[in-house]
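Single-letter residue listing:
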Amino acid sequence: MKLIQNKRDVNLKLMRKEIAQFLQTGQEAIARIRVEHVIREQNIQAAYDILELFCEFVLARVPVLESQKECPTELREAIASIVFAAPRCSDLPDLMQIRNLFGAKYGKEFVMAASELRPDTSVNRSLIERLSVNAPSAEARLELLKQIAREYNLNWDSSNTEAEFRKNHEDLLGGTKQISVAPSPSEAPIKLGEPKPSNNGVHKALPSNGSQGTRQIPPPSRNASLSKANEIQPSVNHTPTEPINEIRIEPKPRPSEVLDMAQAAIASAERACAAARAAAALVNVKYVSHNNNLQEAKSS
């Protein structure tokens, strides 16, 4: 754990220096992204410090663990925190072995409760926050950028970054918002056969071009309204329908007529069979005569 922390310290210093260079060259967009990596590295370092203390505490109480079957109350937070952090610290594979040992001693239910953060567990809250995968807040990122600028004595104006962090970014994954516009009374559909209302008998007065007075527009007649309605909805009478009283219903044939038709069909079938038999007999006769002629020719 000490070796890993030393490596992370070196990487963290390099990352802070790169962010200072981005701020100095005016590349604040890249600096705002890189600062999240710095915050994550700092959180992991703080989590490692907590885990180191818990490991030292458990190591000092190993005789107590060996003498008791159940987890001691004073060691419950330390053991649950180690079990929780083991799969989240890939740089420390030894923690997974310790987690398996605790699972073998206290049962799988104890390990699952600590891993899933159930209400009855005693995992350290600060460790949970440090190992969280949630994005850091805008206030934390801005404060770290200001801290790096002070560390490297940069005359950095943070107004643009503060304005960017205060923006409310829209959720573009939800699709475009549909705006429904209610139709105006003038756009209401006109039924066939109903004249357009004449505004309660009040006619609009339009100024004439030649005088300052007004001229009255006569109300449209009923025939004009009907013709206009027919022009608006020409598809109403597009498919003419046949009146119900003109539909012809063909009578069903009687049983005697059906029997007569069946007998006529049988008679025609018998005639066809007789014609086929006569044709077959004729062909047979021709075949026999042809064979006789061949035999006579051979004998002669």
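Small disclaimer: the values here were computed from a predicted structure and weren't measured.

J.: Tell me about the overall build of the protein, and please be specific about residues and values.
T.: The number of helices and strands found in the protein is eleven helices and two strands. Looking at the protein as a whole, 23% of its 300 residues qualify as buried. Working note: accessible area of the protein is about 23,100 Å², and carbon and sulfur atoms make up 55% of it.

J.: Tell me about the packing of helix α8 (residues 138-151) against helix α9 (residues 159-166), residues and numbers included.
T.: The geometry of α8 relative to α9 is characterised by a closest axis approach of 10 Å and an angle of 170 degrees between their N-to-C directions. In terms of their interaxial angle, α8 and α9 are classed as roughly antiparallel. Between α8 and α9, the residues in contact are A138, R141, L142, L145 and K146 and T161, E162 and F165, respectively. For the contact of α8 with α9, the residue count by class is four nonpolar, one polar and three charged.

J.: An account of the side chain of N124 is requested, with residue identities and associated values reported.
T.: Mapping N124 onto the fold places it in the loop between α6 (108-115) and α7 (125-130). A distance of 3.0 Å separates the side chain of N124 from the backbone nitrogen of L127, its partner in a polar contact. Dropping the residues within four chain positions of it, N124 is found in contact with I50, F54, E77 and S81.

J.: Quick rundown of the pattern of salt bridges? Include the residues and the values.
T.: Under the defined criterion, the tally for this structure stands at twelve salt bridges. A salt bridge links K2 to E52, with the nearest nitrogen and oxygen atoms 3.3 Å apart. Of this pair, K2 sits in helix α1 (residues 2-24) while E52 sits in helix α2 (residues 28-60), and the two are 50 residues apart along the sequence. The class of K2 is exposed, set by a relative accessible area of 53%. Notably, a salt bridge pairs R118 with E116, separated by 3.1 Å at the nearest N-O pair. A relative accessible area of 26% means that R118 is categorised as partly exposed. Because the salt bridges share partners, they merge into one network encompassing R8, E41 and D91.

J.: So what's going on with the packing of aromatic side chains? Residues and values would help.
T.: Applying the stated rule across the entire model yields two aromatic pairs. Ring centres of F102 and Y106 lie 6.3 Å apart, and the angle between their planes is 20 degrees; on these two criteria the pair is classed as stacked. Here the residue F102 and the residue Y106 both occupy positions in helix α5 (residues 94-106), the gap between them amounting to four residues, near one helical turn. As far as the burial class goes, F102 and Y106 line up, both buried. Pairing Y106 with F110 gives two aromatic rings, centres 5.5 Å apart and planes at 55 degrees, and the pair type is tilted. Judged by its relative accessible area of 13%, F110 is buried.

J.: Before we move on, can you summarise the confidence of the model for the protein with the specific residues and values?
T.: Atomic detail in the predicted coordinates should be set aside for any region of low pLDDT. When pLDDT is averaged along the protein, the result is 77, and 70% of the positions lie at 70 or above. Looking across the protein, the model is least confident in strand β1 (residues 205-207), with a mean pLDDT of 43, and most confident in helix α4 (residues 76-85), with 95. Per-residue pLDDT stays below 50 along residues 184-188; that stretch engages in zero contacts with residues further than four places along the chain or on separate chains. Counting contacts from residues 224-246, a segment whose pLDDT is below 50, to residues more than four positions away or on other chains yields 15 contacts.

J.: Now, about the environment of F22: what can you tell me, with residues and values included?
T.: As for its position among the elements, F22 is in helix α1. With relative accessibility at 16%, the residue F22 sits in the buried group. For the pair F22 and R34, spaced twelve residues apart in sequence, the C-alpha separation works out to 9.6 Å. What F22 contacts, discounting residues up to four positions off in sequence, is Q27, E28, I30, A31 and R34.

J.: Lay out α4 in plain terms, naming residues and giving numbers.
T.: With eight of its ten residues buried, α4 lies for the most part within the structure. Of all the positions in α4, only A78, I79, A80, S81, I82, V83, F84 and A85 are classed as buried. Residues of α4 that are buried in the fold lie against α2, α3 (62-67), α5, α6 and α7.

J.: Got a sec to walk through the state of the cysteines? Specific residues and values, please.
T.: One pass over the full model with this rule turns up zero disulfides. Free cysteine C89: the closest other cysteine sulfur is in C55, separated by 9.8 Å. By relative accessible area, C89 is classed as buried at 4%.

Scoring rules and cut-offs
By convention here, each chain's residues receive numbers from 1 onward along its written sequence. For this predicted model, a pLDDT threshold of at least 70 governs which residues receive local features, and a threshold of 80 or more governs which side-chain atom pairs are given and counted, while totals over whole chains, interfaces and linings are taken from all residues. Heavy atoms throughout the structure, all of them, feed into the side-chain values; hydrogens and water do not. Only DSSP runs of H or I with at least four residues qualify as helices, and only runs of E with at least two residues qualify as strands; both kinds are numbered from the N terminus onward. The cut-offs for exposure are 20% and 50% of the maximum accessible area for each residue type, with area from a 1.4 Å probe on protein chains only; residues under the lower value are buried, those over the upper are exposed, and the others partly exposed. Reported accessibility uses the Shrake-Rupley method at a 1.4 Å probe radius. Residues are deemed covered only where the shown protein chains occlude them. Here an angle of 0 to 180 degrees is reported between the N-to-C directions of two axes, which are lines fitted to C-alpha atoms, with helices fitted over the stretch in contact. Any angle that is under 35 degrees is reported as roughly parallel, and any over 145 degrees as roughly antiparallel; angles of 65 to 115 degrees are reported as roughly perpendicular and all others as oblique. Should any heavy atoms of two residues lie within 4.5 Å, those residues are counted as being in contact. Note on residue categories: nonpolar means Ala, Val, Leu, Ile, Met, Phe, Trp, Tyr, Cys or Pro, charged means Asp, Glu, Lys or Arg, and polar means any other residue, Gly included. The definition of a polar contact used here is a pair of N or O atoms within 3.5 Å, where within protein one atom must be able to donate a hydrogen and the other to accept one, and adjacent residues in sequence count solely through side-chain atom pairs. What makes a salt bridge here is a side-chain nitrogen of Lys or Arg within 4 Å of a carboxyl oxygen of Asp or Glu, nothing more. Whether two aromatic rings pair depends on their centres lying within 6.5 Å, for rings of Phe, Tyr and Trp, where Trp uses its six-membered ring; planes under 30 degrees apart make the pair stacked, over 60 edge-to-face, and the rest tilted. The predictor rates its confidence in each residue with pLDDT, a number between 0 and 100. The disulfide definition used here is simple: a pair of cysteine sulfur atoms within 2.5 Å.

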